[in-house]
Amino acid sequence: MIDVPLTLLKAGETFATETISLLPVVWVIGLLLCIESDLPLLRSMTWRLLRNVMVALMALFLVYVVVYAIYGSAVAVYFDDHGFTNLTLRTLSTMWVSIALALAGVVLWIHRRSRQNS
C-alpha cells in the first residue's frame, strides 16, 4: 500500500536531481524573454509567442511544485511518517533555484501585461 506514494515521491526526487543543472538555464532564458522587448532575428509576433510559451512552461512547473508539495504532505499525514515529509522537503530544497526563477518569470510577465493594459 505504501509503494505507490513512495514511488511517486521518488519520481519527483529523481526529476529534481536530474534536471538540477538544466532547468535553471531554461528559466534564465525565459526571464530574458520576459525582460527584453524584442530580438532582431524574430518578428514581434514570434517573439511574443516564444515568451508566452516559456511563461506557460514556468507556470506549469510551479503548479507541479505545488501539487508535489501538497501530495507529499498529505502522504506524510496519511501514513503518519516523517520520512515522507523529509523526502518532500529535500526534493523542494533541491529545486529552489528553479522555483525562484520560474516564479520571477511569471511575476515579470504578469507585471508587464498589467502595465501594457493600463
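One can find the structure itself at the top, above this paragraph.
Here is a short report on the structure shown in this document. (Residues numbered from 1 in each chain as written. Predicted model: local features only at pLDDT ≥ 70, side-chain atom pairs only at ≥ 80, totals over all residues. Heavy atoms only, no water.)

1. Brief notes about the overall build of the protein chain
The test is simple: Only runs of H or I of at least four residues qualify as helices and only runs of E of at least two qualify as strands under DSSP, and these elements are numbered from the N terminus. Radius of gyration means the value over C-alpha atoms here, while the globule rule gives 2.2 Å times the residue count to the 0.38 power. For each residue, the accessible area found with a 1.4 Å probe, counting protein chains only, is set against the maximum for its type, and the residue is called buried under 20%, exposed over 50%, and partly exposed in between. Contacts are assigned to residue pairs that have any heavy atoms within 4.5 Å of one another. For the area figures, the Shrake-Rupley method with a 1.4 Å probe applies, and any residue is considered shielded solely by the protein chains shown. When charges are counted, Lys and Arg contribute as positive and Asp and Glu as negative, whereas His and the chain ends are disregarded. Here the site of a charge means NZ on Lys, CZ on Arg, CG on Asp, or CD on Glu.
Scanning the protein chain for helices and strands turns up 5 helices and 0 strands. Secondary structure elements of the protein chain occur, N-terminal to C-terminal, as α-α-α-α-α. Taken over C-alpha atoms, the radius of gyration comes to 17 Å for the protein chain, far larger than the 13 Å a tight globule of 118 residues would show. Seen through its principal axes, the protein chain has C-alpha atoms that stretch 55 × 30 × 20 Å. Counting over 118 residues, the protein chain shows a buried share of 31%. Taking as baseline every contact in the protein chain between residues at least 6 positions apart, the subset at least 24 positions apart corresponds to 79%. Surface summary for the protein chain: the accessible area is close to 7600 Å², and the carbon and sulfur share equals 72%. Across the protein chain, the 8 positively charged side chains and the 7 negatively charged ones have centroids separated by 20 Å.

2. Quick notes on the nonpolar core
Nonpolar side chains in soluble globular proteins generally cluster together in the buried interior. Just so we agree on the cut-off: Put simply, a nonpolar core is a bunch of buried Ala, Val, Leu, Ile, Met, Phe, Trp, Tyr and Cys residues held in one set by side-chain atoms that sit within 4.5 Å of each other.
Core analysis: the biggest nonpolar cluster contains 24 residues, and L9, W27, F61, M95 and A102 have the highest contact counts within it. Secondary structure elements with two or more residues in this core: α1 (3-18), α2 (23-35), α3 (44-79), α4 (82-94) and α5 (96-117). Looking at this core element by element, the count peaks at 10 residues for α3. Ignoring sequence-local partners within four residues, the contact set of L9 consists of Y68, Y71, G72, V75, F84, L87 and T88.

3. Side note on a nonpolar patch on the surface
Our working rule: Exposure above 30% relative accessible area and no salt bridge define the residues that can form patches, which grow by joining like charges within 9 Å and nonpolar side chains of Val, Leu, Ile, Met, Phe, Trp and Tyr within 5 Å. The working definition used for a salt bridge is a side-chain nitrogen of Lys or Arg within 4 Å of a carboxyl oxygen of Asp or Glu.
Judged by side-chain polarity, L49, V53, L57 and L60 come together as a nonpolar surface patch covering roughly 380 Å² of accessible area. With respect to the helices and strands, L57 occurs in helix α3.

4. Some points on the pattern of salt bridges
Summed over all chains, the structure comprises 2 salt bridges. The partner of R90 in a salt bridge is E13, with the nearest N and O atoms 3.1 Å apart. Pair noted here: R90 is in helix α4 and E13 is in helix α1, with a separation of 77 residues, a long-range link. For R90, a relative accessible area of 42% gives the class partly exposed. On the basis of relative accessibility, which here comes to 16%, the residue E13 falls in the buried class. Taken together, the shared-partner salt bridges connect K10, E13 and R90 into one network.

5. Considering the packing of α3 against α4
Under the convention used in this document: Orientation is described by lines fitted to C-alpha atoms, with helices fitted over the stretch in contact, and by angles between N-to-C directions that extend from 0 to 180 degrees. By the definition adopted for this analysis, an angle is roughly parallel if under 35 degrees, roughly antiparallel if over 145, roughly perpendicular if from 65 to 115, and oblique otherwise. Helix crossings are classified by the rotation of the near helix relative to the far one: an anticlockwise turn of less than a right angle makes the crossing left-handed, while a clockwise turn makes it right-handed.
Between α3 and α4, the least distance of the axes is 8 Å, while the angle of their chain directions is 165°. For the element pair α3 / α4, the angle class is roughly antiparallel. Our pair here, α3 against α4, has a crossing hand that is left-handed. Two secondary-structure elements touch here, α3 through V65, Y68, A69, G72, V75, A76 and F79 and α4 through F84, T85, L87, T88, T91 and L92.

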